[in-house]
Structure formats: structure tokens, C-alpha cells
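What follows is each chain in one-letter form.
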Amino acid sequence: MAEAADFPGMAPSPARRWLRRTGALLAGAPLLAGLLQLPASSAHAAERTSAKEASDTGTVAVAVDSLSPSVPTEGDTLTVSGTVTNKGKQTVTDAHVDLRLGSALATRSAIDSVARRPADVSASAGSEVGDKYVAKFAELSPGVPQQFSISVPVDELDLGAGGVYPLGVSLWGETSAKSWEQMLGIQRTFLPWQPDEADTKTRTTVLWPLLSDVHMTAETRSNERQTPVFLNDDLAAEISPGGRLDQLLSLGKTLDVTWVIDPDLLASVSAMTERYDVLAGDTTTAGKHQAVADRWLAELQQAVQGKQVVALPYADPDLASLAHNGTSVTGSLSQLKAATDVAADTVETVLHVTPSTDFAWPVEGAVDPSIVKVATSAGADKVIARSDSLAEDGDLSYTPTSARPIGGGTTAVVADSRLSQTFRGDLTTASAATLAVQEFLAQSLALNLQTDKQRSIVVAPPRMPTASQARAMAEAVTALQGGTWSQAQQLTAAAAAKPDPGATTRVPARSAYPSSLARRELPRSAFVDIATTQDRLDNFKVILTDESRVVTPFGRAVNREMSTSWRGRATAASTFRQAVQTYLSTLADQVKLIDKSELKLSGRSATIPVTVQNNLVQGVDHLVLRLTSTNPTRLEIGGEAYDEQPIAVSGGHSTTVKFTTSANANGQAAVVAQLYTEDGRAYGAPVTFDVKVTEITATVMLVIGGGVLLLVLAGFRMYTQRKRAAARRAEDDGPDEADPAAEAALTGQHGENRPADASDARAGAGNPVQPSDGTPDTAAESTDPSGTGERVDR
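What counts, and at which threshold
- Residues numbered from 1 in each chain as written.
- Predicted model: local features only at pLDDT ≥ 70, side-chain atom pairs only at ≥ 80, totals over all residues.
- Heavy atoms only, no water.
- Helix = DSSP H or I, 4+ residues; strand = E, 2+ residues; numbered from the N terminus.
- Contact = heavy atoms within 4.5 Å.
- Axes fitted to C-alpha atoms, helices over the stretch in contact; angles between N-to-C directions.
- Parallel < 35°, antiparallel > 145°, perpendicular 65-115°, else oblique.
- Left-handed = near helix turned anticlockwise from the far one by under 90°.
- Nonpolar A, V, L, I, M, F, W, Y, C, P; charged D, E, K, R; others polar.
- Core = buried A, V, L, I, M, F, W, Y, C linked by side-chain atoms within 4.5 Å.
- Buried < 20%, exposed > 50% of the residue type's maximum accessible area, 1.4 Å probe, protein only.
- Pairing = 2+ DSSP bridges.
- Patch = residues over 30% accessible without salt bridge, like charges linked within 9 Å, V, L, I, M, F, W, Y side chains within 5 Å.
- Areas by Shrake-Rupley, 256 points an atom, 1.4 Å probe, with all protein chains shown as cover.
- Salt bridge = Lys/Arg side-chain N within 4 Å of Asp/Glu carboxyl O.
- Lys, Arg positive; Asp, Glu negative; His and termini not counted.
- Charge placed at Lys NZ, Arg CZ, Asp CG, Glu CD.
- Expected span 1.5 Å × (residues − 1).
- Arc of directions from axis to C-beta.

Trainee: I would appreciate a short explanation of the side chain of Thr175 in the present structure.
Mentor: Mapped onto the fold, Thr175 is located in the loop between β7 (163-174) and β8 (182-193). In contact with Thr175, other than residues within four places in its own chain, are Gln90, Thr91, Val92 and Leu184.

Quick look at the structure:
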């Protein structure tokens, strides 16, 4: 049987070397003879044939779907199962899968080297474990996967001392083009071997993150409970049975890990336990997953009892984006402080445990001086970094303990990059997950074997692991905590561990920050939007009688605008920020002035009414309404250019206030009504309208009064003339033959019921009216201007 090259340090036996050399000679003799007979012009054809043969190697994909146990001990039976798939065009015949073991790998770098080339058939494969530990196939048809399973007693492996052994699972066979046995595919993995308890165990801290995307909007309903509105119902899918967060919870509660939790996630799930609405286009629908949220929270409350819980600032703000793009925008650091202050209360309220809030976790553990400064500005004194960022530059021959003092009373808790990044990528296939688990265990054991010095190591996995990544992580941590070289430790203990004197404490410069991470940061414009929203919120809340109904939901929404989860989703992040601003403006606009049309004032003074409307469910106060004349020489308000009055309006009501005006001249004057907060900031849009002054002067009043007097005198003259004419007719006819009509005229009856005046009485007594009699008094109408207090409505 042909055999590939061994791993360095693994010497084949003399019998194997003799068989390999003999086989090579026998196989090469016919080929050599044929080459000698070829003319020189055929040399290029031979080279093409050789290249084609080389390209055919590795045509069978070998997948190791399970390796059990992951960490074998003496007396165990190692079982390797998986599939082989012929990806070539020719059928593979006389095929078999075998196991190959190499020499123990001395360094962590050696493990890296093997892990980078897991399926390379040209690299060393190791020695065959034994002919009887194989899986045979008569043939492998193209594209048809076939399963295998090989079990071998660990005692048969001759592993020897503890260490990390490379394990190759290789497929051998023949094709019609290459009718000799050859290796057509291989999958390499690792076999950690530590049969006895280690003299010094590595204290290992594994972070178990419970974080998610942003799900809640700033919008709440106007009912007493303020029913929240969600962007979508994706969170329900994550916490439902089988969902990503549900699996993280189910897996994590069986492990000794440190829970790292975003308080916004807890607040969102807690809100789902009661009535909540979900955006559906331009409308909303009622959420229906209250029972799911109740169950998930109840399980989480039980899972974290007695475990350490680290609370990140609310909504997991992007510290690197803030440090690089946000510090130049006023108020950005205050948002981080607010997110930190509310974190502990949220976790305590929902989970009934007291969390640690003095840890900051930048994205990917990448740090520079500005990130450290921002991270500690809100009160954290421990920064979770990673060893590929805070890289060692000394001569240490081993991986140092995680805690590093970096100045200013700040401790960098440096997670091991190899262990932390093992579970990145697509682990949905069983083979990928198995390789990740074995590599993680191999690196952990190799780290422990570096020195007898006691060390504390931290593992910081992906921030939001997928369900498949979570399963692989749980499998690896379960094996690690059941192994013989590691013991679990909480994060606070790791941070308090005595640092290695030779470990680096120098934070890399800003220029060393990875460009791949910088490209995904929130831009400066995002922090400008956040500052604008906060400024509008500050202006709005001061007029409210119950500002908590607005400050709390919008404050948390502003925290969400800074979330790390927006990285790489610039459009979605911008849409969210604009939606928060729009909704805030919609609420603020519910308190407004009613528009007015042109007014006409006739008279020296009048009142102008202005109406303030409040369509909010709560009352507003601490407002001032100012009415200003743009032409005070023509129209004064309150005796000045402007006048102010305090405003308080109950929820769902409006109020009208009146301003006294004085006209000094005829013409048109523009008037501006504007609401102000008590600190002098304009609130809402102004209302501008025109006032047309048409004052009535004293001369005009005299003219009108004279005209009225002339009309009265003319009427009186007509009346006296009629009386005289009637008297003369009565005198000519005598008293006994008086005309009844004339008498009626004299007495003023004629069907009109009115009291008689003095002349009527004398006539009735037989005293005729003489032309020399005096005329009755009649009062003239007043010529004064209209009085003040005239009401003028629009």
C-alpha cells in the first residue's frame, strides 16, 4: 500500500521504507522505459500528462462529521464517522478510508499550520493506524456521498505522553486514469491527549454573549402602559424553541460560563410579555408571542442564578465608532454615560441579579488609545481586548495571563485570539463544527503544556454567534470543562489575576486599527443625527407635565442608534435614526398655535385672541406665548412692541389667550405669535398674520354727529308744520265741527300708541298752539370714539 509522507518527527519503520522504495521502483520502471523510447519532441506531452495527473489528486472530499470522544482517555474507544464524496468525473474503485496519526505538535503555531491546510493531499498525512481499522468501498460513483465509521481502541494508537496529535482521515483508491492505489482525499483534525490530571490547570473564562439586533422603535401608544412598537417580529423567532437565542440559553445554562448581556435585549423581551405592536408597512399589527417571551425570560432567570452576569451599556454601543467618529460631536459621550447608568437597573429589574458593569467590550477586542479613553469615560475600568490587537512584543515563550495594566487604573483583559476565533465562519455542517471543536481543544491543551506557571485565559467568542456556532461552542466548552487540564473561572477573577511581568501593556496606535473594522464603523453623520434628536428631545420634555412618558422611550431609542449591531448596515441604521427624529417631531407638533387669518381693527384699542392647541394625552406647561408687532409705531401690543403670557393646556384641549392692542395710525401691521419654553428657546413654528387698522378720528365723528342733528331738526320742523296746519283748519270749522282727522292729527293717535308731549296737552285743553311756542328738547348722539375692550376675533 502506497503511503504519503509522514509528519515531521514521525520516522517510518524500516519495513515500510523498504516497501515504499520497492513499490516506487516497480511502478516507475515501465514509465522510465517508455520515456527513454520517446523522441525529444514528446517531452512537452509528458509534462502535460504529469500536470493532469497532479490535478486529479484530491478529487474525493472527506468530511469528518464526528469524533468521539473529543478528548479520549485510557480505555476509551475512538470513533471517527463521516462521509466521502467523489467530486471527480471518474469512478473510484477499490477504495478505503483509514486513520493516520502524526507526531505530537510542539507549538501552537504548528497547530495553526495544520489547520490552514486540512484537505491538502500533498502535505504530510502521518502513519497509518492499522490495516484493520479501515472502511472499505467497492467503488465511489461521482457525486454520490457515502458514509463511513471507524472505531479504534485508544490503546492501539500508542499516543504516549500528553500532547496534541494530528489525526488524518484519508481516502485511498484507484481510477481508470490512475490504476494504482493513491490518496485521493484527506481531512485533518486534532486529537488532544492528556491521560492524567495536569499538574497546573489553566484557569479558563468563557464569555457567553446574549446580544441581538435592535428590535424596538421609539414609538409607544398613548395608553397608560405605553404599548411599545417593534420594528419586526424577528426577536420572537430568536427566542422561540430552536431559535438562536433560545439555543444559546439552553446550551449556556449547562455550562460554567460568564454571561455577557445587552440590557436592551432584556427590556425588549420583557416588553413582549405584555401587549406589543409590530410595524407592518404603514400600519401595525398586534404581537402574539407573549407566552414565548415569558418562557424565555423565566428560563434565563433560572440559568443566571449563581453565575456571573456582565451587563454591557444599554444597546451595546459601538465604542470604536464613538471614539473615532463621535467624540467631536457635542454630547456623544453623554449618551454612553446614560447607556451605562441604565444598564444595571435594567438587568436587576428583569433578571433579579446584580450584574458587573465595569467591563467594556470593543468590537473584535480591537483597541487603540482613543477607544480605551472612550470605553473608560463612562465608568468602566476594564476593557476586554484580544491578543491579536494587544500583541506580544517581548520574548515570552508562553501565552501570558489575560490581565494587563495599561495605565490610568485601567486593566485590559486580553482574550486569546486563537481560542476566541475558532468558532467564526459557517459551522452549519457537522464536519466544520467537528473541526472547530477539535482545534479549540487542541489549542487549549497546547497552551496549558507551554509552562507550569498558573495562568488565567479568557475566551471571547463571536459577539452574536449563530445557532450552529453556539452548538459547536457548547460542545467544546463541555469537553474542556470535563477535561484534565482546565478549570472554569469567572471574568472578574480573570481581571483580578496577577499579570505576567513580561506581558505587553502597550496599547497599539490608532494607525494599527484594522481597516476592515474601520470601514464598518458608524460615520460622524450618525452622531450628528443623535445630537439633533437629543436637542429636540430636551426642548420638548421641558413643557410636559409627565416627561417620563417621552424621555424614557426616546432616551433608549437614542442608545439604540449607537448600537454595535448597525455595523455594516449603514442604510438600515440611517433609516432607524430618521424614524426616531420623525416620530419625535410628530409628537412635538401636537402642541401648536392655530393659524390666523387677517384681522381688522376699528378703534383706538382692541383685543387679539390667539389659540394654543394640545393634542397630546398629557398636559403641557412651562410655555410662554409671545405676540410681537413688527410695526409698533402703528400697532402696539400691551403698550410695547410685544407682550407675553404663560401657557398651560390640559391634554386633548386648547386654550385661547387675549392680547390688548393699541392703534396709533391707520394701515397694516404684521403680527407674529411664537411659543417659547421658560428658558427662552423657541418652541414650534411661529404664526404670522396681518392686522389692518382703520381708526375713526374725532373730525369724522363730528361730521356724522352733525348729519344726525340735521335729520332730527328736519323731522321736528315737519312735525310742527303739520300741527299748525291742523290748528288753522280747526279754527276755521269751529270746535263743534272739527274734522276727526285733524283732531287725530292734533292728538297724535292715527292708530299709533305713544305718550302725548306738552304741546298735545295744551291743544287738548283748548289752547291753540302758537307759532311763538318753544320747541321740545332732543339730546344729540355722542361723538366720542368707540370705547376700549372691543373684541376682535379672526
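Here the narrative resumes, following the displayed structure.
Trainee: Would you mind showing me how to read the packing of helix α6 (residues 263-272) against helix α9 (residues 332-351) here?
Mentor: What describes two packed helices is the angle between their axes and the distance between those same axes. Interaxial distance between α6 and α9 falls to 9 Å at its minimum, and their mutual angle equals 40°. The orientation of α6 with respect to α9, classified from their angle, is oblique. Seen from above, α6 lies across α9 with left-handed handedness. Residues Pro263, Leu266, Ala267 and Ser270 of α6 form the contact with α9, whose own contacting residues are Ala343, Thr346, Val347, Val350 and Leu351. For the contact of α6 with α9, the per-class residue count stands at seven nonpolar, two polar and no charged.

Trainee: Is there a simple way to explain the nonpolar core in this structure?
Mentor: Across soluble globular proteins, you tend to see nonpolar side chains buried next to one another. Among the nonpolar cores identified, the biggest contains 77 residues, and Phe540, Phe554, Leu625, Leu627 and Val691 are the most heavily contacted of them. With seven residues, helix α18 (residues 570-588) is the largest single contributor of residues to this core. By size, the runner-up hydrophobic cluster in this structure holds 66 residues, among which are Phe190, Leu248, Ala271 and Ile457.

Trainee: How should I be thinking about the sheet that holds strand β2 (residues 77-86) in this particular structure?
Mentor: Spatially, three strands are ordered β1-β2-β6 in an open sheet, and the strand pairing comes out antiparallel. Edge positions in the sheet fall to β1 (60-68) and β6 (145-153), since each of these pairs with one other strand and no more. Across this sheet, the average inter-strand angle for adjacent strands is 20°, counted without regard to direction. Here β1 runs beside β2; their pairing, made up of eight bridges, is antiparallel. Residue Ala63 lies in a different strand from β2, and its bridge partner there is Thr83.

Trainee: Please clarify how a negative patch on the surface should be interpreted in this entry.
Mentor: Taken together, the side chains of Glu74, Asp155, Glu156, Asp158 and Asp196 present a region of like negative charge at the surface. Following the sequence through the fold, Asp158 ends up in the loop between β6 and β7. On the basis of relative accessible area, Asp158 is assigned to the exposed category, the value being 68%.

Trainee: Looking at this structure, I do not really get helix α7 (residues 290-303). What am I missing?
Mentor: An α-helical turn contains 3.6 residues, so a residue and the one three or four places further along point in the same direction. The first and last C-alpha atoms of α7 sit 20 Å apart over 14 residues, in line with the 20 Å expected at 1.5 Å per residue. Along α7, the positions that sit buried rather than exposed are Val292, Ala293, Trp296, Leu297, Leu300 and Ala303. Around the axis of α7, the buried residues are gathered within 125° of arc, so they sit on the same side. Along α7, the residues that are exposed and aim more than 90 degrees away from the buried face are Ala291 and Gln302. Turning to α7, the residues buried within the fold contact β9 (202-210), α4 (234-239), α5 (244-252), β12 (258-261), α6 and α9.

Trainee: Could you clarify how one ought to interpret the pattern of salt bridges in this entry?
Mentor: Applying the stated criterion across every chain, the model contains 31 salt bridges. For Asp213, the salt bridge goes to Arg569, with nearest N and O atoms at 3.9 Å. Of this pair, Asp213 sits in the loop between β9 and β10 (216-220) while Arg569 sits in the loop between α17 (548-561) and α18, and the two are 356 residues apart along the sequence. Exposure remark for Arg569: the relative accessible area of 31% places this residue in the partly exposed category. With a shortest N-O distance of 2.8 Å, Glu392 and Arg404 are connected by a salt bridge.

Trainee: How do you make sense of the environment of Ser240 when you look at a structure like this?
Mentor: You can see Ser240 is positioned in the loop between α4 and α5. Along the sequence, Ser240 and Val292 sit 52 residues apart, while their C-alpha atoms lie 6.0 Å from each other.

Trainee: I would appreciate a short explanation of a positive patch on the surface in the present structure.
Mentor: Residues Arg717, Arg724, Arg728 and Arg729 make up a contiguous surface patch of positive charge. Tracing the backbone shows Arg729 in helix α19 (residues 698-733). According to the relative accessible area criterion, Arg729 is partly exposed, its value standing at 43%.

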